[in-house]
Amino acid sequence: MADETANVQGTAGFLFEMGILKNAKRTGWWFTGNNNPESIAEHSFRVGIIGSVLAMMEGADPGKVALMCLFHDTQETRIGDIPHIGRRYIDAVSNEKVTADQVSAAHPAVKAGVQRVVEEYEQSGSPEAIVAKDADKLECLVQAVEYRAQGYSLVQDWIDTSLASLKTPSAQALAEAALTMSPLEWRKTFLGD
């Protein structure tokens, strides 16, 4: 009974830790002059939506992709959101190691499940992992387009690097579409011209 109580408390602790992502900002956008960018949790939510959509378009498992997308940045509660330029100066442990520490006291099924999801995402070999990685990059591109529409003009590097890293035809097509429209164009479907 003591082990079961400890596992439940360890799992609850993991859930509290994940709440930090609601307040932790995506710091790379600071370089564009945006002092109040979206949180890591907000980013991860839309990555999950995009991943599900891409999986449907690519014939991959949408549930599996959404799960990978949901957990892809959970390590940032411990290491923060390090901008790409900052990674040049830091030798950080792998995301798999951070995840192992995060879930070390969790229920055994949670521990194994979360570690398996993160490991598959990081290995990038399965069709679902490729789609999940594309979802992360496509979300960055879409966010950059939205920030550009809000007046942040220094986002082109984020658009270019995200676009260049997309692997699936569906992600490439969605990126091209996103680059040719207003972020509010979707409203025309319901409101007319």
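Here the structure is a predicted model, which is why all the values come from computation and not from measurement.

S.K.: Any chance you could explain the environment of Gly-13 here in plain terms?
M.R.: Residue position: Gly-13 is located in helix α1 (residues 2-19). Gly-13 gets classed as partly exposed once you look at its relative accessible area, which sits at 35%.

S.K.: Quick question: what am I supposed to make of the packing of aromatic side chains here?
M.R.: What describes a pair of aromatic rings is the distance from one ring centre to the other and the angle between the planes of the rings. Under the definition given, this model contains three aromatic pairs. Ring geometry for Trp-29 and Trp-158: centres 5.5 Å apart, planes at 25°, overall stacked. You can see Trp-29 sitting in the loop between α1 and α2 (40-58) and its partner Trp-158 sitting in helix α9 (residues 156-165), a full 129 residues away along the chain. When its relative accessible area of 1% is taken as the criterion, Trp-29 is described as buried. Plain terms: the ring middles of Tyr-147 and Tyr-152 are 5.9 Å apart, the flat faces sit at 75° to each other, and that makes the pair edge-to-face. Of the residues examined, Tyr-147 reaches a relative accessible area of 5% and is grouped as buried. By relative accessible area, which is 25% here, Tyr-152 ends up partly exposed. Grouped by ring-pair contacts, the aromatic residues Trp-29, Tyr-147, Tyr-152 and Trp-158 constitute a single cluster.

S.K.: Please clarify how helix α3 (residues 62-71) should be interpreted in this entry.
M.R.: An α-helix turns once per 3.6 residues; consequently, residues spaced three or four apart project the same way. Inspection of α3 places Val-65, Met-68, Cys-69 and Phe-71 among the buried residues, and these make up the whole buried set. Two or three places before Gly-63, at the start of α3, stands the capping residue Asp-61, its side-chain oxygen 3.0 Å from that residue's backbone nitrogen.

S.K.: Even after reading the chapter, I still don't get the layout of surface pockets, so can you show me in this structure?
M.R.: Over the atoms rolls a probe the size of a water molecule, and its path tells where empty space is left. There is about 920 Å³ of room inside the largest pocket. As for the largest pocket, its lining consists of 31 residues, of which Asp-81, Ile-82, His-84, Arg-87 and Lys-137 are closest to the centre. Those elements that provide at least two residues to the lining of the largest pocket are α4 (76-79), α5 (84-87), α7 (108-123), α8 (127-149) and α9. Top element by residues in the lining of the largest pocket is α9. It accounts for five residues. Residue classes in the lining of the largest pocket are distributed as twelve nonpolar, nine polar and ten charged. Reported here for the second largest pocket is a volume of approximately 390 Å³.

S.K.: What is the right way to look at the nonpolar core in this model?
M.R.: Nonpolar side chains in soluble globular proteins generally cluster together in the buried interior. Core analysis: the biggest nonpolar cluster contains 37 residues, and Leu-54, Val-65, Leu-138 and Leu-141 have the highest contact counts within it. For this core, the element with the highest residue contribution is α8, accounting for ten residues. When near neighbours in sequence (up to four residues on either side) are disregarded, Leu-138 contacts Ile-50, Leu-54, Leu-166, Ala-171, Leu-174 and Ala-175.

Reading the values: the criteria
- Residues numbered from 1 in each chain as written.
- Predicted model: local features only at pLDDT ≥ 70, side-chain atom pairs only at ≥ 80, totals over all residues.
- Heavy atoms only, no water.
- Helix = DSSP H or I, 4+ residues; strand = E, 2+ residues; numbered from the N terminus.
- Buried < 20%, exposed > 50% of the residue type's maximum accessible area, 1.4 Å probe, protein only.
- Phe/Tyr/Trp six-rings, centres within 6.5 Å; stacked < 30°, edge-to-face > 60°.
- Polar contact = N/O pair within 3.5 Å; in protein donor to acceptor, adjacent residues only side chain to side chain.
- 1 Å grid on protein atoms, 1.4 Å probe; cavity = no way out; pocket = protein on both sides within 12 Å on 5 of 7 lines; lining within 4 Å.
- Points joined across faces, edges and corners; volume = space filled by probe spheres on them.
- Nonpolar A, V, L, I, M, F, W, Y, C, P; charged D, E, K, R; others polar.
- Core = buried A, V, L, I, M, F, W, Y, C linked by side-chain atoms within 4.5 Å.
- Contact = heavy atoms within 4.5 Å.

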